[in-house]
Amino acid sequence: MKRIETFTDIDATPQAVWDILTDFAEYGRWNPFIPEISGTPAEGETLTVTISPPGGRNMTFTPRVRAAHPHREFAWLGHLFIPGLFDGEHRFLIEKRGDKGTRLTQREEFRGVLVGMFWKSLEPSTRRGFEAMNAALKLRAEGG
């Protein structure tokens with residue numbers, strides 16, 4: 001297993017962060033890493049997600065929602081072709097900090113027989129994508 005994890009502290013409530021994360025129709029207006037997402041943010045539902053990693057090609061996949069706990073956690077699990085080949089569980093953790101602050105943690109755990117082969121090219125680009133998305137979400141949530 002390989003993991004990428006980033007976080008940002010946001011001067012907004014967990015509800016405000018959740019509302020931005022689950023307003024899929026608006027992603028194209030603010031999100032440089034996931035410019036398009038559709039579906040319903042509810043456990044068991046299938047999403048269609050397009051990612052745009054910095055310096056890489058856009059990729060569209062159809063993960064299944066694993067967790068959708070309002071104001072706390074949103075996660076999905078996607079597979080490349082078949083389960084076990086290259087799987088990614090993407091998770092957003094939303095934690096209240098202080099009176100109206102929030103820490104957003106974005107994490108992905110990669111598993112499968114092909115992960116090691118692609119890790120050196122995947123890790124830096126994906127990390128930069130997470131960081132760009134975190135910064136954009138922070139700006140949006142804080143009214144920028």
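So, here's what we can say about the structure. Residue numbering note: each chain is counted from 1, following its sequence as written. Per-residue local features are limited, in this predicted model, to residues with pLDDT of at least 70; the limit for side-chain atom pairs, both in listing and counting, is 80 or more; totals at the level of whole chains, interfaces and linings are taken over all residues. Water and hydrogen atoms play no part in the side-chain values, which are based on all heavy atoms of the structure.

### What about the overall build of the protein chain?
Within the protein chain, the regular secondary structure consists of three helices and eight strands. Only DSSP runs of H or I covering at least 4 residues are called helices, and only runs of E covering at least 2 are called strands; the numbering of each starts at the N terminus. Taken from N to C terminus, the helices and strands of the protein chain fall in the order β-α-α-β-β-β-β-β-β-β-α. Only the C-alpha atoms count toward the radius of gyration. The rule for a globule is 2.2 Å times the residue count to the power 0.38. For the protein chain, the C-alpha radius of gyration of 15 Å lies close to 15 Å, the compact-globule estimate for 144 residues. Taken along the three principal axes of its C-alpha coordinates, the protein chain extends 45 × 30 × 25 Å. Contacts are assigned to residue pairs that have any heavy atoms within 4.5 Å of one another. Sequence-distant contacts, at least 24 apart, represent 50% of the contacts inside the protein chain between residues at least 6 apart. Total accessible area on the protein chain stands at roughly 7700 Å², and carbon and sulfur atoms take up 50% of it. For the accessible areas, the method is Shrake-Rupley and the probe is 1.4 Å, while residue cover comes only from the protein chains on display.

### What to know about the sheet that holds strand S4 (residues 59-61)
Paired strands, in this sense, are two strands between which DSSP finds at least two bridges. Judged by pairing direction, the sheet is antiparallel, and its three strands sit side by side in the order S2-S3-S4 without closing on themselves. At either margin of the open sheet sits one strand with a lone partner, and together these are strand S2 (36-38) and S4. Between one strand axis and the next, the sheet turns through 15° on average, direction left out of account. In this structure, strand S3 (residues 48-51) lies alongside S4, joined through three bridges in antiparallel fashion. Looking at S4, one finds that Thr50 is bridged to Thr60. Angles here are taken between N-to-C directions and fall from 0 to 180 degrees, while the axes themselves are lines fitted to C-alpha atoms, restricted in helices to the stretch in contact.

### A word on the pattern of salt bridges
Salt bridge, as applied in this entry: a Lys or Arg side-chain nitrogen positioned within 4 Å of an Asp or Glu carboxyl oxygen. Inspection of the entire model under this criterion finds 13 salt bridges. Between Glu89 and Arg66 there is a salt bridge, with its nearest N and O atoms 3.6 Å apart. Remark: Arg66 occurs in strand S5 (residues 64-69) and Glu89 occurs in strand S7 (residues 87-97); sequence separation between them is 23 residues. Residue Glu89 is classed as buried on the basis of its relative accessible area, which comes to 12%. For the salt bridge of Lys138 with Glu142, the shortest nitrogen-to-oxygen distance reads 3.0 Å. Here the salt bridges do not stand alone but share partners, grouping Arg3, Glu5, Arg107, Glu109 and Arg111 into one network. Note on exposure labels: buried denotes an accessible area under 20% of the residue type's maximum, exposed denotes more than 50%, and partly exposed covers the range between, all computed with a 1.4 Å probe on protein chains only.

### Section: the packing of aromatic side chains
Each Phe, Tyr or Trp ring (for Trp, its six-membered ring) is paired with any other whose centre lies within 6.5 Å, and the angle between the two planes then decides the class: stacked below 30 degrees, edge-to-face above 60, tilted in between. Under the definition given, this model contains eleven aromatic pairs. Measuring from ring centre to ring centre gives 5.6 Å for Phe33 and Phe130, while their planes differ by 75°; the resulting arrangement is edge-to-face. Placement of the pair is Phe33 in the loop between helix H2 (27-30) and S2 and Phe130 in helix H3 (residues 115-141), with a sequence separation of 97 residues. Across the pair, exposure class does not vary: Phe33 and Phe130 are buried alike. Taking the centre distance of 5.8 Å and the plane angle of 55° together, the rings of Phe86 and Phe110 count as tilted. A residue pair is termed long-range when its members are at least 10 positions apart, and Phe86 in the loop between strand S6 (73-79) and S7 and Phe110 in strand S8 (residues 101-111) qualify at 24 residues. Here the two residues Phe86 and Phe110 agree in accessibility, since each one is buried.

### Focus: the packing of helix H1 (residues 14-21) against H3
Direction vectors running N to C along H1 and H3 enclose 120°, while the axes themselves pass 10 Å from each other. With respect to each other, H1 and H3 are oriented oblique. By crossing handedness, the relation of H1 to H3 is classed as right-handed. On H3, the residues touching Val17, Ile20 and Leu21 of H1 are Met133, Leu137, Arg140 and Ala141. If an angle is under 35 degrees, it is roughly parallel; if it is over 145, roughly antiparallel; if it lies from 65 to 115, roughly perpendicular; otherwise it is oblique. A crossing counts as left-handed when the near helix is turned anticlockwise from the far one by less than a right angle, and as right-handed when that turn is clockwise.

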